[in-house]
Structures are given as structure tokens and as C-alpha cells.
Amino acid sequence: MISLSSQLPCDIKRIFQLGPPNLITPHPFSSGTVPIQMAGKVISSGIRYNTLPESYVRPVTDRPNLSLVSDCNDVPVIDFGIDDRRLISQQIGDACRRFGFFQVINHGVPDEIVEKMQEIGREFFQLPVEEKMKLYSEDPSKTMRLSTSFNVQKEQVHNWRDYLRLHCYPLDQYTPEWPSNPSSFKEYVGNYCREVRELGMRVLEFISESLGLEKEVIKNILGDQGQHMAINHYPVCPEPELTYGLPGHTDPNALTILLQDALVSGLQVLKDGQWLAVRPHPNAFVINIGDQLEAVSNGEYKSVWHRAVVNSDKPRMSIASFLCPCNDSIISAPQELTEKDGSKPVFKKFTYAEYYKKFWSRNLDQKDHCLEFFKN
Ligand SMILES: O=C(O)CCC(=O)C(=O)O
């Protein structure tokens with residue numbers, strides 16, 4: 001039974017107090033026995049909202065303006081199946097300069113592994129809320145946690161997202177702490193992580209070559225890279241115009257490999273001051289440049305601003321894999337780039353650990369960019 005308490009989070013109070021009785025209905029996936037204080041922490045909780053709780057409502061000046069967003073029709077789609085390294089790295093270079101992201105097809109990750117990853121991600125979010133809440137934490141330093149929004153301890157307005165965040169490298173170290181429900185979780189997610197890491201390493205080699213460097217140079221700067229994953233679940237939202245799944249941000253890591261929901265759109269990127277929708281492309285991954293590659297490329301490649309919007313029809317899932325420099329690797333652009341055409345180092349040298357700490361001490365939607373703190 002859902003038990004009401006005087007300690008209810010305020011948005012839940014609001015709908016109980018102000019709404020007609022049918023504003024909340026038990027969700028089919030909920031067994032209905034979790035205390036509402038806990039259930040109310042996540043939005044995949046079994047509570048159905050007919051209006052958007054106040055703590056998710058963005059100020060009028062900071063809303064997605066969905067009617068003004070057009071489709072990005074010229075997203076670069078790069079075919080990794082062709083036998084021409086020079087062409088691939090040239091296309092990647094163009095995409096990184098013009099967009100900061102691209103999609104890859106014929107990427108070598110077997111379809112079956114991708115499908116099983118998606119299936120298990122969905123199954124996880126369909127578990128009863130009390131099962132999921134065993135993994136809940138608001139502490140960003142935890143290496144495995146279910147959480148919600150972005151940084152609930154810091155932010156003023158929440159985001160319409162729950163997520164399961166996992167550290168994935170080395171696999172032997174982290175899989176023991178991963179969920180064992182659903183029972184195939186560790187196997188399916190482990191297989192996916194291995195394949196995606198391999199793809200990420202190939203992409204980094206191409207990026208290195210696209211900057212005129214030897215293929216190993218960027219990987220060597222980033223060191224023995226960590227790998228994290230966010231399985232993002234965006235439930236149906238009662239008022240998608242008023243909030244975000246994730247507000248505009250850049251990724252703090254080096255490279256992100258995003259598996260979009262094949263059927264439900266939601267990813268948007270900022271290009272020339274305009275938000276553009278990136279529709280899912282069959283069997284493709286979206287690859288985006290993160291803050292560390294912007295620094296390593298001496299600012300030549302931009303870490304792309306992107307956001308996730310939500311909708312009132314269907315839940316959406318996206319699976320982001322993040323390649324992150326080794327904590328103590330020194331992030332700095334190689335001389336070939338800092339001295340190219342009389343340029344100078346744009347950024348100070350810093351360790352990834354310093355950067356990551358700064359990133360998580362802030363809100364995701366703070367207007368001054370985290371990289372600004374590391375500029376010369
Ligand atoms: O859901 C998406 O499409 C974007 C996810 C994302 O930006 C993230 O996890 O950082």
C-alpha cells in the first residue's frame with residue numbers, strides 16, 4: 001500500500017492537495033507497497049502524473065520551445081564498413097569541425113548484442129519500484145547507482161529522467177556490484193560494454209588521424225581510459241513543453257557513444273545557435289565529442305551542446321557510454337596542435353580528476369561552461 005506521510009516531497013503534496021482524486025494512479029509495474037516518500041524520489045515510480053510537479057517546471061525563459069525545433073537533416077552518417085581509412089578520418093574531421101558529433105553505421109557491434117542491451121535496459125526500468133530503489137543514491141561518487149534528474153542535491157529544477165549509472169571498466173572490477181535483477185543483466189550489459197569500448201577506441205584512432213596526428217597519440221594522452229554507462233529512462237511526461245529530460249549540456253568526458261531509442265526521438269543538438277532534433281538512424285550510434293577532446297584538440301573540435309526532450313506519448317530510453325581519461329592523465333593538446341599556424345595552448349594543463357570534481361560540483365545547466373575554468 002502507498003502510505004501517505006507528513007514528510008511527503010512537496011511536489012507530491014501539491015498534486016494530492018490540489019488535484020482531483022484521479023491525478024495519481026498506480027502504475028502497472030508497481031506492486032503498490034513502497035512508501036510514497038521513497039517512490040516519489042524517482043519518476044519511474046508507479047505514480048502517474050497528470051500535471052507536471054512544480055519542481056520540474058522550468059522558468060518561461062528556459063523551456064524547450066519544441067515548436068521552434070526543426071530536424072537536423074544533414075547529420076553526418078559515417079560508414080565504418082568501407083575499406084578507406086583516409087576517407088573515414090576525413091569525414092570524421094569534417095563532422096567534428098562542423099557539428100561536434102556524427103553517427104556511425106557498420107560499426108562492428110553485433111545487432112544481437114545491441115538488441116539484448118536494449119531489452120535488458122527496458123526490463124530493468126519495468127521492475128517494481130521497491131526493487132529499483134535498493135540501488136538508489138544521490139551520491140555522484142558511487143560507481144553504481146540508480147538516480148534521477150542530474151544532481152538532485154545541487155539543482156533548483158529537476159529533469160524528467162531516471163537513470164542507472166554504472167562504471168564498466170575494468171569489467172571484472174565492476175560487474176560484481178551491478179544489478180543481478182534482471183538475471184541476465186550482467187551478461188548482456190558486459191557483452192555490450194566490451195564491444196562499445198572497442199568501437200570507441202577505433203573512433204579515437206580516426207579522430208587522432210583526422211587532426212593530422214599518429215593514430216595512437218590521443219589514446220596515449222587519455223591513458224587507460226575509464227568507461228561509464230548511463231541507461232536513461234524518460235517516462236511519459238504530462239507537460240513536455242515545460243521541462244527537459246536533460247537540459248542543454250556538453251559531456252565532461254572524452255567521447256560519448258549514444259544508443260538512441262530506435263522508435264522515440266528526443267535528442268537535440270545545438271548548431272549555429274539553433275536546437276535541431278537528431279532522429280534515430282537505424283542501426284547507428286551517435287558519437288559526440290566531449291570536453292576532454294575539445295581540450296586535447298586545442299579547441300579545434302568542439303564539445304557539442306546537446307539535450308534530451310520528453311514527450312507525452314511514449315517512454316524513451318537512451319544508453320550513453322562514456323569513455324573517460326584515466327584520472328591522473330594530464331590533459332593537454334600535443335605540440336603539433338598548439339603550435340599549428342602560430343596558435344597557442346588554449347587550455348591549461350589539468351588532470352581529469354580535477355575536471356570531473358569541478359563538473360559535479362555544479363549544475364548541469366549552469367550557463368558558464370566548465371571548460372572556461374581551465375582556459376589560459
Ligand atoms: O537521451 C539522450 O538522447 C541524451 C543523453 C545524454 O545526453 C547523456 O546521457 O548525457
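Everything quoted here is computed from the prediction, not taken from an experiment.

Peer 1: Help me out: how do you make sense of the site of the ligand in this one?
Peer 2: Around the ligand, the structure places Ala230, Asn232, Leu246, Asp251, Leu258, Gln260, Gly266, Leu267, His306, Ala308, Ser318 and Ala320. Of all the secondary-structure elements, those providing two or more residues to the shell around the ligand are strand S6 (226-234), strand S12 (306-308) and strand S13 (316-324). Among the residues forming the shell around the ligand, the class breakdown is six nonpolar, five polar and one charged.

Peer 1: How should unusual backbone geometry be read in this particular structure?
Peer 2: Glycine aside, a negative phi is what most residues show, and trans is what most peptide bonds show. A cis amide bond links Tyr169 to the next residue, Pro170, at an omega of -5°. Looking at the secondary structure, you find Pro170 in the loop between strand S5 (162-167) and helix H6 (171-174). The omega torsion of the bond from Asn181 to Pro182 falls at 0°, within 30 degrees of zero and hence cis. Looking at the element boundaries, Pro182 is found in the loop between H6 and helix H7 (185-210). Of note, the phi angle at Asn65 is positive, near 45°, even though the residue is not glycine. Checked against the element boundaries, Asn65 lands in the loop between helix H2 (36-39) and strand S1 (70-71). Judged by local crowding, Asn65 falls into the exposed class, with 10 C-beta atoms found within 10 Å.

Peer 1: In this structure, what is going on with the packing of helix H4 (residues 111-125) against H7? I would like to understand it.
Peer 2: The geometry of a pair of packed helices is captured by two quantities: the angle between their axes and the separation between those axes. Where H4 meets H7, the closest approach of the two axes is 9 Å, and the angle between their N-to-C directions is 135°. Of the possible angle classes, the one that applies to H4 and H7 is oblique. At the point where H4 passes H7, the crossing takes the left-handed sense. The residues of H7 that touch H4, namely those facing Ile113, Lys116, Met117, Ile120 and Phe124, are Phe185, Tyr188, Val189, Asn191, Tyr192 and Glu195.

Peer 1: Would you mind going over the sheet that holds strand S3 (residues 101-105) with me for this structure?
Peer 2: Backbone-to-backbone hydrogen bonds join strands into a sheet, with any given pair of strands oriented parallel or antiparallel. Spatially, eight strands are ordered S2-S3-S11-S8-S13-S6-S5-S4 in an open sheet, and the strand pairing comes out mixed. Both outer strands of the open sheet, strand S2 (77-79) and strand S4 (144-148), are each paired with one neighbouring strand and no more. Within this sheet the neighbouring strands show an average axis-to-axis angle of 25°, counted without direction. Where strand S8 (residues 255-259) and S13 come together, five bridges link them in antiparallel fashion. The partner of Thr256 across the bridge, within S13, is Phe322. Across the sheet, H4 lies against S5, S6, S8 and S13, angled at about 115° from S13, the strand it touches most. Packing of H7 onto the sheet brings it into contact with S6, S8, strand S11 (285-289) and S13, and relative to S8 it is tilted by some 130°.

Peer 1: Got a minute to help me understand helix H3 (residues 85-98) in this structure?
Peer 2: Turn by turn, an α-helix covers 3.6 residues, leaving residues three or four places apart pointing in a common direction. For H3, which comprises 14 residues, the first-to-last C-alpha distance of 20 Å matches the rise-based estimate of 20 Å (1.5 Å per residue) to within 8%. Of all the residues in H3, the buried ones are Ile88, Ser89, Ile92, Ala95 and Cys96. Buried residues in H3, looked at end-on, bunch into an arc of 125°, giving them a common side. Exposed residues pointing more than 90 degrees away from the buried face of H3 are listed as Arg86 and Leu87. In the segment just after H3, Gly100 is the residue with positive phi, at about 80°.

Peer 1: Just checking my understanding: could you explain the sheet that holds S12 for this structure?
Peer 2: Read from one edge of the open sheet, five strands run S1-S10-S9-S12-S7, paired in mixed fashion. The outermost strands of the open sheet, each flanked by one partner alone, are S1 and strand S7 (246-249).

Peer 1: Looking at this structure, I do not really get the packing of H3 against H7. What am I missing?
Peer 2: Packing of H3 against H7 leaves a shortest axis separation of 8 Å and a crossing angle of 80°. It follows that H3 is roughly perpendicular to H7 by the angle criterion. Between H3 and H7, the contacting residues are Ile88, Ser89, Gln90, Ile92, Gly93 and Cys96 on the first element and Phe206, Ile207, Glu209 and Ser210 on the second. For the contact of H3 with H7, a count of residues per class yields five nonpolar, four polar and one charged.

Calculation notes
Residue numbers run consecutively from 1 along every chain, following the written order of its sequence. With the structure being a predicted model, the display of local features is reserved for residues of pLDDT at least 70 and the display and counting of side-chain atom pairs for 80 or more, all residues being used for whole-chain, interface and lining totals. Being near a molecule or strand means, for a residue, that its backbone-placed C-beta atom lies within 6 Å of it. Starting at the N terminus, helices and strands are each numbered in turn, a helix being any DSSP run of H or I of at least four residues and a strand any DSSP run of E of at least two. Residues are grouped as follows: nonpolar covers Ala, Val, Leu, Ile, Met, Phe, Trp, Tyr, Cys and Pro; charged covers Asp, Glu, Lys and Arg; every other residue, Gly included, is treated as polar. Working definition of burial: number of other C-beta atoms within 10 Å of the residue's own, with buried at 20 or more, exposed at 12 or fewer, and partly exposed in between, all C-beta atoms being placed from the backbone. Only the stretch in contact is used when a helix axis is fitted, and all axes are lines through C-alpha atoms; the angle between N-to-C directions ranges over 0 to 180 degrees. By definition in this entry, angles of less than 35 degrees are roughly parallel, angles greater than 145 are roughly antiparallel, angles of 65 to 115 are roughly perpendicular, and the rest are oblique. By convention, the crossing between two helices is left-handed when the near helix turns anticlockwise from the far helix through less than a right angle, and right-handed when the turn is clockwise. Any pair of residues counts as being in contact when their C-beta atoms, constructed from backbone geometry, are within 7 Å of one another. DSSP calls a pair of strands paired once it identifies at least 2 bridges connecting them. Each residue after the first adds 1.5 Å to the expected span of a helix. In this description, the arc belongs to the directions extending from the helix axis to the C-beta atoms.

In short, the description is geometric, and any link to function would need to be established separately.
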